[in-house]
Amino acid sequence: MAHPAPHLSRRTLLRSMGVAGAGTLIGIPLLSACGGGDDPSPSSGGGGGGQGGRLTLGTTQIMQFDPYLTNSALHIHAFYSYLIDYADGYEPVPAAAETWEFAADQTSVTITLRETTFHDGAPVTAADVVAGVERAKNPEAAFTLAEPSAFIASATAVDERTVRVDFAGPTPEALVIDWMFAFPLVPAASNDAVTLETEPAGSGPFLLESFQRDRSLVLARNSAYWSEGKPHLDEVEYRFFDDEEALVTALESGDVDGAVYLALRHAERLEGRFSLVEGGGRMDLFFMNAAMPPFDDKALRQAVARAIDRERIIEQVRFGLGEPIYTAFMPPSPAFDPAYLDSHGFDLDAAAAMLDAAGGARQAVAGVGDEPGAIEILQIIQADLDKIGFELTIEPMEQTTFLDELFAGRLQCCVAAQPNNLQSPSLISRGRQMLPSTDNVMLGAAVPDAYVQAVAGARTAVTEPDQQAAFAALNEVLVDEAWAIGIATRPSLSALKDGVTGLAVDPRDFLVLDDLQA
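A quick note: this is a predicted structure, and the numbers were derived from the prediction, not measured. (Residues numbered from 1 in each chain as written. Predicted model: local features only at pLDDT ≥ 70, side-chain atom pairs only at ≥ 80, totals over all residues. Heavy atoms only, no water.)

Before going further, it helps to spend a moment on the overall build of the protein. Each helix and strand counted, the protein has 14 helices and 19 strands in total. Overall size of the protein, expressed as C-alpha extent along the three principal axes, is 65 × 55 × 40 Å. Within the protein, the proportion of its 518 residues that are buried is 56%. Long-range pairs, those at least 24 residues apart, make up 70% of the contacts in the protein between residues at least 6 apart in sequence. (Helix = DSSP H or I, 4+ residues; strand = E, 2+ residues; numbered from the N terminus. Buried < 20%, exposed > 50% of the residue type's maximum accessible area, 1.4 Å probe, protein only. Contact = heavy atoms within 4.5 Å.)

All right, on to the environment of isoleucine 388 then. You can see isoleucine 388 is positioned in the loop between α11 (374-387) and β15 (391-396). In contact with isoleucine 388, other than residues within four places in its own chain, are Ala307, Leu348, Ala351, Ala352, Leu355 and Arg362.

Moving on, we come to the UniProt feature "domain: Solute-binding protein family" (unreviewed entry) in the protein. Under the local residue numbering, the UniProt record ascribes the feature "domain: Solute-binding protein family" (unreviewed entry) to residues 91-417. For residues 91-417, the end-to-end C-alpha separation is 26 Å, with 27% helix and 26% strand making up the annotated structure. (UniProt positions renumbered as here; feature names shortened; annotations may be inferred.)

Turning our attention to the domain arrangement of the protein. When its domains are assigned, the protein resolves into domain 1 (81-188), domain 2 (204-279 + 492-512) and domain 3 (282-490). For domain 1 versus domain 2, the separation of C-alpha centres amounts to 29 Å. On the domain 2 side, the residues contacting the 13 residues of domain 1 number 10 residues. For the pair domain 1 and domain 2, the summed buried area comes to about 900 Å², and 58% of that belongs to carbon and sulfur atoms. Counting the surface domain 1 buries against domain 2, the share from its top three residues, Ser81, His119 and Phe181, is 52%. Seen at the junction of domain 1 and domain 2, the total is 0 salt bridges. Tallied by class, residues from the side of domain 1 that touches domain 2 come to 8 nonpolar, 4 polar and 1 charged. (Domains from an automatic or database assignment. Buried area = accessible area lost by both parts, 1.4 Å probe. Salt bridge = Lys/Arg side-chain N within 4 Å of Asp/Glu carboxyl O. Nonpolar A, V, L, I, M, F, W, Y, C, P; charged D, E, K, R; others polar.)

Attention shifts here to the packing of helix α7 (residues 298-305) against helix α10 (residues 348-358). Interhelical geometry of α7 versus α10 gives an angle of 165 degrees and a closest axis separation of 8 Å. Between α7 and α10, the interaxial angle falls into the category roughly antiparallel. As α7 packs across α10, the resulting crossing turns out to be left-handed. Taken together, the residues of α10 that come into contact with α7 (itself represented by Ala299, Leu300, Gln302 and Ala303) are Ala351, Met354, Leu355 and Ala358. Of the residues belonging to the contact of α7 with α10, the class tally is 7 nonpolar, 1 polar and no charged. (Axes fitted to C-alpha atoms, helices over the stretch in contact; angles between N-to-C directions. Parallel < 35°, antiparallel > 145°, perpendicular 65-115°, else oblique. Left-handed = near helix turned anticlockwise from the far one by under 90°.)

Turning to α7, a few remarks are in order. All buried positions along α7 are accounted for by Leu300, Arg301, Ala303, Val304 and Ala305. Here the buried face of α7 lies against β13 (275-288), α8 (310-316), α10, α11, α14 (464-481) and β17 (484-496). Two to three positions downstream of the cap, the backbone nitrogen of alanine 299 sits 3.0 Å from a side-chain oxygen, assigning the N-cap of α7 to aspartate 297. (Polar contact = N/O pair within 3.5 Å; in protein donor to acceptor, adjacent residues only side chain to side chain.)

Our focus in this paragraph is the side chain of serine 108. Mapped onto the elements, serine 108 comes out in strand β6 (residues 108-113). Non-local contacts of serine 108, meaning those with residues more than four positions away in its chain, are made with Glu101, Phe102, Ala103, Arg164, Val165, Asp166 and Phe167.

Below, the discussion takes up unusual backbone geometry. Put simply, lysine 230 and proline 231 share a cis peptide bond, and its omega is -5 degrees. Mapped onto the elements, proline 231 comes out in the loop between β10 (216-221) and β11 (235-240). Cis geometry marks the peptide bond from proline 293 to proline 294; its omega dihedral reads -5 degrees. Secondary-structure assignment places proline 294 in the loop between β13 and α7. Although it is not a glycine, aspartate 214 adopts a positive phi angle of roughly 70 degrees.

Soluble globular proteins tend to pack their nonpolar side chains together in the buried interior. Core analysis: the largest hydrophobic core is formed by 67 residues, its most contacted members being Ile111, Trp179, Tyr238 and Leu513. The leading source of residues in this core is helix α4 (residues 173-182), at 6 residues. A domain-level breakdown of this core finds at least three residues from each of domain 1 (81-188) and domain 2 (204-279 + 492-512). For isoleucine 111, the contacting residues outside a window of four places in its chain are Leu83, Ala97, Thr99, Trp100, Arg161, Thr162, Val163, Val165, Trp179 and Met180. Core analysis: the second largest hydrophobic core is formed by 38 residues, Met288, Ile314, Ile394 and Val415 among them. (Core = buried A, V, L, I, M, F, W, Y, C linked by side-chain atoms within 4.5 Å.)

The next thing to look at is the environment of phenylalanine 143. Within the element layout of this structure, phenylalanine 143 appears in the loop between α3 (126-136) and β7 (152-159). The class of phenylalanine 143 is partly exposed, set by a relative accessible area of 40%. Distance in space between the C-alpha atoms of phenylalanine 143 and phenylalanine 286 is 23 Å, their sequence separation being 143 residues. If we ignore the near neighbours within four places in the chain, the residues touching phenylalanine 143 are Tyr68, Leu69, Arg135 and Ala193.

Let us now look at the pattern of salt bridges. Applying the stated criterion across every chain, the model contains 23 salt bridges. Across the pair arginine 161 and glutamate 98 runs a salt bridge whose closest N-O atoms are separated by 3.1 Å. Taken together, the positions of arginine 161 in the loop between β7 and β8 (162-167) and glutamate 98 in strand β5 (residues 97-102) put the pair 63 residues apart, joining distant regions of the chain. Judged by relative accessible area, arginine 161 falls into the partly exposed class, the value being 26%. Judged by relative accessible area, glutamate 98 falls into the partly exposed class, the value being 36%.

Written out as structure tokens, the structure is:
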């Protein structure tokens, strides 16, 4: 792929390529190294040549093995299969599920599983899906699967390879398909947090060869994987680094074959020498804790929301990569409404007037961990708030401390990431800052009834007119309550040495290694 012309910014280039939006497996070089030209997208071809070999990828990410938890983006697709995958434009394609059929009244789906096995040789059965649904319905064990599975009433094994999932009521197909995309197949006997803490249990393209925490994770090819000819490599090693500078230096020196989930600031340094692969990423949001002063005043939150300069943040912090958002919906979402960027966008005069009208305290503390770009975003917000007489103090802390404070509801405000909601706006409620219950760490007992009702409305709207009305109502509540203010999408960035192709990223920004080869 040719380098961009000098007058084109990377952001303009991404728009012209159509890469900026998620909704498909993304493995497109952002800026290719000289001599590169292969299309590494998984949709461009399957198994066949290029079998064998070993690659080493470096990362600073943390990880764990339970697919129901977070911090699994590195390996989730390596160890586990899902019911379906997404091709271009959120087109569902069979994965562990061979077929699926919705009831005419939209109250159930019947799924026929592919004949395949788990890594231990046991067959994948309907009973494993039932056990997985039961865990997803258990509030003490569901974790990230709780909200995506909220529409489900029960699951029943019809026979060895057929399962019927019954819904609590008529449910839009898009929400069910999103759930199938996010539902990992785990053996029933192993599907608990304790068992999966130390070892994965799946049916994906790679087996666990070895793991040394904070040092290395080695994956070995699963010769019994259901997708013929995949994966291409015999072995993939993840090597863990303490800091990104050491990781990028290792890439430049040839100690690793690629580096994944790099901060965007490295793009300029690496372009022209390495293939840069962009993923759909996540979203940066500015969260204000409505359960504690001063942000328990909605008028104050609304004033602060007008003081966020998205364009400056994108250009200065994200190096021109990303798209502005107002609520927690990415541009491809059916609930994304760009009008709010005009009607409620950056306007310091409006923010100052609203702040004067709100009265009350004019200072707060923002906690920040070591998430790339978070402190720089807060510094821009801090400078603009200072111009209108609001004092924002930034308190850096270790990432583990930051997450502990965030999830305990003890932060006044912060910048944090929100995942892609795929095709289903009701999935906005997945993160702990967005839960439609008193477990919401930014709302607590102050969670608005209107928000609870709006999420439920988006989850149950089946017809297109009902969906449009429900999504509009959800946006209105988010804008009015103003505790979660969208800033911009945050693409992910990986770099590969010349000749390495096939790295892909799914719409959740999880790596897919099936087609990786050298």
